Number of protein chains: 2
Amino acid sequence: MLTNYSKILENAVNEIAKLPGIGRRTALRLALHLVNTETAEVKMLTHALTELKSSLKICRHCFAISDGEVCDICSNLKRNAGVICVVQDIRDVIAIENTNQFQGVYHVLGGVISPIDGIGPGQLKLQELFQRIEAQNIEEIILALPSTAEGDTTNFYIYKHCVEKIPKISLLARGVGIGEELEYINEVTLGRSLLTRISFESQYGKIFD
Amino acid sequence: MLTNYSKILENAVNEIAKLPGIGRRTALRLALHLVNTETAEVKMLTHALTELKSSLKICRHCFAISDGEVCDICSNLKRNAGVICVVQDIRDVIAIENTNQFQGVYHVLGGVISPIDGIGPGQLKLQELFQRIEAQNIEEIILALPSTAEGDTTNFYIYKHCVEKIPKISLLARGVGIGEELEYINEVTLGRSLLTRISFESQYGKIFD
């Protein structure tokens, strides 16, 4: 897909194609769309992108991206600051917020321990988590890290440092996803779901007397 | 996909999601990618996008987008200015250029006649095409419009205005699938269609006497 007859277009296509998951054909489509868009609209886009770097901050409590020094969740007095949900990155905060099931606060590690990728505990916001635990009265830590070997390693690392200090350390429930067909679930998950089966009433409530 | 705990992030997601084919989930992924990108890189992106509006021009001969007043193709003395390839938009110019089979010049109509979309001849660069034909000695017009009802209508319209004045009016050879848009055709097929272009009459019959 040559666009070399216009250096300005070519440059825009090159820059857009650096974005993850955007190929040169899509980049060209987007660039030409912008050519035909009102200048004011394009300015709104470039301004919004610039703001991501110039104005976004990292919350000094939970390390989620934030508009201010402290994010809206950490500064919300209705949230229970005694329950910390530990996640890998900001996308997980957004995913959990979208469930409307969590009223505590977060701690964004910035990844999980992965020696093969050269990520040790020092590169993650783990010391900051332990300092939060020392400084505050925390009643529960929910480990909401990915269910992978690296996630497990990180879970163990946090557990080891916190088990003496925190009354409750919990994990997201593991099992069959809502709406999932059994035949598509991996065997480990399905086997685990059988072993850790739950009572009918705990799922559906007591429907017959 | 709520991102409403950060207005800056939300704003960026909204702006990115206005782009065609980009949903809110992808927009969030791109925005978070930019958050983690070097400021200089993001500046290069926003600068390139701004340039699309501030610096790109429309070639005053062929109406393709251009870095200067006249595009690189129209100003290239090696191109045969006596052969004009009429296309719908700039994507088609890029697609045809990529075949390396065409040494003439282009005329970008900016669309095709489509009464259902309220696009009549007046909204397209048709008068400008006819003026080019009057002003210059044109040996051939190649109609490379989409193979749709609207493309056919536009072909007829141009043919009717030019048949007395131009020695040869040709069409891309069949090989272009019915209903297909030029930009999605593989280069070999598109190049072949150019090389084996057929006379207007052999496709549509002799309709004007």
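Residues numbered from 1 in each chain as written. Chains lettered and ligands numbered in written order. Predicted model: local features only at pLDDT ≥ 70, side-chain atom pairs only at ≥ 80, totals over all residues. Heavy atoms only, no water.

**Examining the interface of chain B and chain A**
Listed as interface residues are 54 residues of chain B and, on the opposing side, 52 residues of chain A. Around 5200 Å² of area is buried between chain B and chain A when both sides are counted, 69% of it from carbon and sulfur atoms. Its largest share of buried area at the contact with chain A, chain B owes to Tyr5(B), Ile8(B) and Lys53(B), together 16% of the area lost on that side. For the pair chain B and chain A, the interface holds 2 salt bridges. The salt bridge partner of Glu41(B) is Lys18(A), with a shortest N-O separation of 3.9 Å. In this assembly, chain B and chain A are joined by 12 residue pairs in polar contact (both at pLDDT 80 or more). Elements with a minimum of two residues in the side of chain B that touches chain A: helix H1 (7-17), helix H2 (24-35), helix H3 (39-54) and helix H4 (90-97) of chain B. Examining the composition of the side of chain B that touches chain A, we find that 12 residues originate from one element, H3(B), more than from any other. (Contact = heavy atoms within 4.5 Å. Buried area = accessible area lost by both parts, 1.4 Å probe. Salt bridge = Lys/Arg side-chain N within 4 Å of Asp/Glu carboxyl O. Polar contact = N/O pair within 3.5 Å; in protein donor to acceptor, adjacent residues only side chain to side chain. Helix = DSSP H or I, 4+ residues; strand = E, 2+ residues; numbered from the N terminus.)

**Some remarks on the pairing of strand S5 (residues 140-143) of chain A**
It is a general feature of regular strands that their side chains alternate between the two faces of the sheet. Residues and elements named next belong to chain A. Neither face of S5 is open: one carries Glu140 and Ile142, the other Ile141 and Leu143, and all of them are buried. Inspection of the sheet shows strand S3 (residues 80-87) paired to S5 by 4 bridges, in the parallel sense. What sits directly across from Val86, in S5, is Leu143. Note: S5 against strand S6 (residues 168-171), 4 bridges, orientation parallel. When the sheet's bridge partners are listed, Ile141 is paired in S6 with Ile169. A crossover links S5 with its parallel partner S6, the connecting element being helix H6 (residues 149-162), and its sense is right-handed. (Buried < 20%, exposed > 50% of the residue type's maximum accessible area, 1.4 Å probe, protein only. Pairing = 2+ DSSP bridges. Right-handed = clockwise from strand over helix to strand, strands pointing away.)

**A word on the layout of surface pockets**
Residue and element names in this part refer to chain A. Within this model, the largest pocket holds a volume of roughly 650 Å³. Along its surface, the largest pocket is lined by 20 residues, and Arg174, Gly175, Val176, Ile198 and Gln203 are the ones closest to its centre. At the level of elements, helix H7 (187-195) and helix H8 (200-204) are the ones that each hand at least two residues to the lining of the largest pocket. Residues belonging to the lining of the largest pocket are distributed by class as follows: 8 nonpolar, 8 polar and 4 charged. (1 Å grid on protein atoms, 1.4 Å probe; cavity = no way out; pocket = protein on both sides within 12 Å on 5 of 7 lines; lining within 4 Å. Points joined across faces, edges and corners; volume = space filled by probe spheres on them. Nonpolar A, V, L, I, M, F, W, Y, C, P; charged D, E, K, R; others polar.)

**What to know about the packing of helix H1 (residues 7-17) of chain A against helix H2 (residues 24-35) of chain A**
All names here are of chain A. Remark: H1 packs on H2, axes separated minimally by 8 Å, with the N-to-C direction vectors making an angle of 125°. Regarding the angle of H1 to H2, the classification is oblique. For the pair H1 and H2, the crossing hand works out as right-handed. Contacts between H1 and H2 involve Leu9, Glu10, Ala12, Val13, Asn14, Ile16 and Ala17 from the former and Arg24, Ala27, Leu28, Leu30, Ala31 and Leu32 from the latter. Looking at the contact of H1 with H2 residue by residue, the classes come out as 10 nonpolar, 1 polar and 2 charged. (Axes fitted to C-alpha atoms, helices over the stretch in contact; angles between N-to-C directions. Parallel < 35°, antiparallel > 145°, perpendicular 65-115°, else oblique. Left-handed = near helix turned anticlockwise from the far one by under 90°.)

**Here's the deal with the confidence of the model for chain A**
Predicted confidence across chain A gives a mean pLDDT of 88, with 96% of residues reaching 70 or more. Across the interface, the model reports ipTM at 0.77; the global pTM reads 0.75. (pLDDT = per-residue confidence, 0-100.)

**Topic: helix H5 (residues 126-135) of chain B**
All names here are of chain B. By the burial criterion, the buried members of H5 are Leu126, Leu129, Phe130, Arg132 and Ile133. Burial along H5 is one-sided: seen end-on, the buried residues are contained in an arc of 155°. Along H5, the residues that are exposed and aim more than 90 degrees away from the buried face are Gln131, Glu134 and Ala135. The secondary structure elements touched by the buried residues of H5 are strand S3 (80-87), strand S4 (104-108), strand S5 (140-143) and helix H6 (149-162). (Arc of directions from axis to C-beta.)

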